[in-house]
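Each chain is listed here by its residues.
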Amino acid sequence: MSRARELFPGGVNSPVRAFGGVGGEPFVAVRGEGARIWDADDNEYIDYVLSWGPLVLGHAAPVVLDALRDAMVRGTSFGIPTGLEITLADMIRARMPHVEMLRFVSSGTEATMSALRVARAATGRDMFIKFDGCYHGHADSFLVKAGSGVATLGLPNSPGVPDALAALTLTAPFNDIEATDSLFRAHGERVAAIFVEPVVGNAGFIPPDAAFLPALRRLASAHGALLIFDEVMTGFRVAPGGAAEYYGVIPDLTTLGKVIGGGLPVAAYGGRRDLMNSVSPSGPVYQAGTLSGNPLAMAAGIATLSALTPDVHRCIAARTRVLVEGLRAIAARRGVPFTADSIGSMFGLFFRAEPVRSYADARGADLALFRRFFHASLDRGVYLAPSAFEAGFMSAAHGDSEIAITLQRLDEALGAARG
Ligand code: KE4
């Protein structure tokens, strides 16, 4: 890591990888296969980070590798339309019919910044509402009370973001309908959109109250604002059709990423056709990308979504539930204040007795115990997200034996962490 620290800020190419939230040094990954990842000292870990969500089939999934081999011999990039992007777009639309038209980009940040630009252009309004602890990538407007690495490192709003721009970002606590309504009462005619992680994965795992997403839909429509679901993390994880299918709430725009690239750089934004037709070259809202729709990335995404059938999804979701129930039982037997939950193949845990409904609740959990638990788990061969403000992910490669081994190891880890 000393060479890495000489080359990259903090020795990493994305902040949360530096273990700032848990202390110590990150391991250096050299290989992944299925549910497992190995470090440079040949230590093996059962992996619940899975590259922060994309690897829903596990590491080096044979179907993905085969698709990449087939694609790469025909060339790695063209910068001109290919059939692969049409195939992947059709697969996304089949699972999310409300994504009538979309644009592929290469990161979730590009997807969310572009969706916000479309919303501001469509409404002629500059402000938007996001929720404390939600993370939508690192575009300037979103680095206000953001989650994920921003929360992990306890950063204030990032320097370099002009106050004038940050002032256009309004924030409310997640699950707080009243606070959201009062923002509209104060600024309604200036609000272009509500931007939300429909299930929060960047302040730890925080599901919405039953009434929350329907209320956001109602408030956005009532005030002429757009509802934008950031499903970069929840898409094809909380349900085959994402959070929109799971909760039956249809946003105007959706952002996607992670799973749709199967581990290669793919993201997308899309939604109502009338809105997406405003994007260049159909309309005046400019957005572009050299490697957007890259054929290798498209091939990996197609292979991943093809393998992620509803039955496979149900199987992964069921095993995720077994893990969460098992963790709850361990904490109860050991008398540790603990809450854990899962939706589909996404899960999270907090060392706190009461359910976590907001970022403030998440911050109130026992973060010191989480840090000790993280390292005790890693020492026993289980790699959880190195931050209390992240979610966990399961893959099709995590079988019953992986879950059983994980529970046994985490039971011992909790015993050690409690001291
Ligand atoms: P990227 O620009 O990192 O591809 O995507 C940004 C993004 C947008 N929206 C949501 C809901 C996201 O979760 C993310 C990125 N997630 C983090 C993990 N919490 C990526 C990991 C990292 O920052 O290294």
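Residues numbered from 1 in each chain as written. Predicted model: local features only at pLDDT ≥ 70, side-chain atom pairs only at ≥ 80, totals over all residues. Heavy atoms only, no water.

Novice: Explain the overall build of the protein residue by residue, including any values.
Specialist: When helices and strands are tallied, the protein shows 15 helices and 14 strands. Expected size for 419 residues packed as a compact globule is a radius of gyration near 22 Å; at 21 Å, the protein falls within 12% of this value. The principal-axis extents of the C-alpha atoms in the protein amount to approximately 60 × 55 × 45 Å. Expressed as a percentage of the 419 residues in the protein, the buried residues total 58%. Partitioning the intrachain contacts of the protein with sequence separation of at least 6 by distance along the chain shows that 71% fall at a separation of at least 24. For the protein, the accessible area works out to roughly 16600 Å², and carbon and sulfur atoms hold 55% of it. Computed over 37 positive and 41 negative side-chain charges, the separation of the two mean positions in the protein equals 1 Å. (Helix = DSSP H or I, 4+ residues; strand = E, 2+ residues; numbered from the N terminus. Rg over C-alpha atoms; globule rule 2.2 N^0.38 Å. Buried < 20%, exposed > 50% of the residue type's maximum accessible area, 1.4 Å probe, protein only. Contact = heavy atoms within 4.5 Å. Areas by Shrake-Rupley, 256 points an atom, 1.4 Å probe, with all protein chains shown as cover. Lys, Arg positive; Asp, Glu negative; His and termini not counted. Charge placed at Lys NZ, Arg CZ, Asp CG, Glu CD.)

Novice: Explain the pairing of strand β11 (residues 339–343) residue by residue, including any values.
Specialist: A large share of β11 lies buried, amounting to 4 of its 5 residues. Pairing analysis gives 5 bridges linking β11 to strand β12 (residues 346–350), with the strands arranged antiparallel. Bridging from a neighbouring strand, Ala340 pairs with Leu349 of β12. From the end of β11 to the start of β12, which pair antiparallel, there are 2 residues, and Gly344 there has a positive phi angle of about 60 degrees. (Pairing = 2+ DSSP bridges.)

Novice: Summarise the site of the ligand; cite the residues concerned and give the values.
Specialist: Lining the immediate environment of the ligand, one finds 17 residues, of which Ser14, Thr109, Asn202, Asp230 and Glu390 sit closest. Side-chain polar atom of Thr109 to an oxygen atom of the ligand: 2.7 Å apart, as the coordinates give it. Here Lys258 contributes a side-chain N or O atom positioned 3.1 Å from a nitrogen atom of the ligand. Surface burial for the ligand is 86%, taken as the share of its 540 Å² of free accessible area covered by protein chains. Classifying every residue of the shell around the ligand gives 5 nonpolar, 8 polar and 4 charged. Taken together, domain 1 (2–61 + 309–418) and domain 2 (62–307) each give at least three residues to the shell around the ligand, which thus spans both. (Near = heavy atom within 4 Å. Polar contact = N/O pair within 3.5 Å; in protein donor to acceptor, adjacent residues only side chain to side chain. Nonpolar A, V, L, I, M, F, W, Y, C, P; charged D, E, K, R; others polar. Domains from an automatic or database assignment.)

Novice: Explain the packing of helix α2 (residues 62–72) against helix α11 (residues 295–307) residue by residue, including any values.
Specialist: Interhelical geometry of α2 versus α11 gives an angle of 150 degrees and a closest axis separation of 8 Å. When the axis of α2 is compared with that of α11, the two are roughly antiparallel. Where α2 crosses over α11, the two elements pack in a sense that is right-handed. Two secondary-structure elements touch here, α2 through Val63, Val64, Ala67, Leu68, Ala71 and Met72 and α11 through Pro295, Leu296, Ala299, Ala300, Ala303, Thr304 and Ala307. (Axes fitted to C-alpha atoms, helices over the stretch in contact; angles between N-to-C directions. Parallel < 35°, antiparallel > 145°, perpendicular 65-115°, else oblique. Left-handed = near helix turned anticlockwise from the far one by under 90°.)

Novice: Give me the lowdown on the side chain of Thr254, citing residues and values where you can.
Specialist: Mapped onto the secondary structure, Thr254 falls in strand β9 (residues 253–256). Excluding residues that lie within four positions of it along the chain, Thr254 makes contacts with Met96, His98, Val99, Phe229, Glu231, Ala268, Tyr269 and Gly270.

Novice: Explain the sheet that holds strand β2 (residues 36–39) residue by residue, including any values.
Specialist: The strand order across the open sheet built from 4 strands is β1-β2-β3-β13, with neighbouring strands paired in mixed fashion. The open sheet is flanked by β1 (29–33) and β13 (382–383), the only strands paired with a single partner. In this structure, β1 lies alongside β2, joined through 4 bridges in antiparallel fashion. Each residue of the ladder has a partner; that of Arg31, found in β2, is Trp38. In the packing of helix α15 (residues 400–418) onto the sheet, the strands contacted are β2, β3 (44–47) and β13, and the crossing angle to β3 comes to about 110 degrees.

Novice: Give me the lowdown on the packing of aromatic side chains, citing residues and values where you can.
Specialist: All chains considered together, the criterion is met by 14 aromatic pairs. Ring centres of Phe131 and Phe174 lie 6.3 Å apart, and the angle between their planes is 85 degrees; this geometry places the pair in the edge-to-face category. Of this pair, Phe131 sits in strand β5 (residues 127–131) while Phe174 sits in the loop between β6 (169–172) and α7 (177–187), placing them 43 residues apart in sequence. The two residues Phe131 and Phe174 agree in class, both being buried. (Phe/Tyr/Trp six-rings, centres within 6.5 Å; stacked < 30°, edge-to-face > 60°.)

Novice: Break down the pattern of salt bridges for me, with residues and values.
Specialist: Scanning the entire structure with this criterion turns up 23 salt bridges. The partner of Asp411 in a salt bridge is Arg333, with the nearest N and O atoms 2.6 Å apart. With Asp411 in helix α15 and Arg333 in helix α12 (residues 310–333), this pair connects stretches of sequence that are 78 residues apart. Taking relative accessible area as the criterion, Arg333 reaches 55% and is therefore assigned exposed. As a salt-bridge pair, Glu412 and Arg380 come within 4.0 Å of each other at their nearest N and O atoms. Highlighted residues: Glu412 in helix α15 and Arg380 in the loop between α14 (367–379) and β13, separated in sequence by 32 residues. Taking the relative accessible area as the measure of exposure, Glu412 reaches 39% and is therefore partly exposed. Judged by relative accessible area, Arg380 falls into the partly exposed class, the value being 30%. Linked through salt bridges whose partners overlap, the residues forming this network are Arg217, Asp252, Arg272 and Asp274. (Salt bridge = Lys/Arg side-chain N within 4 Å of Asp/Glu carboxyl O.)

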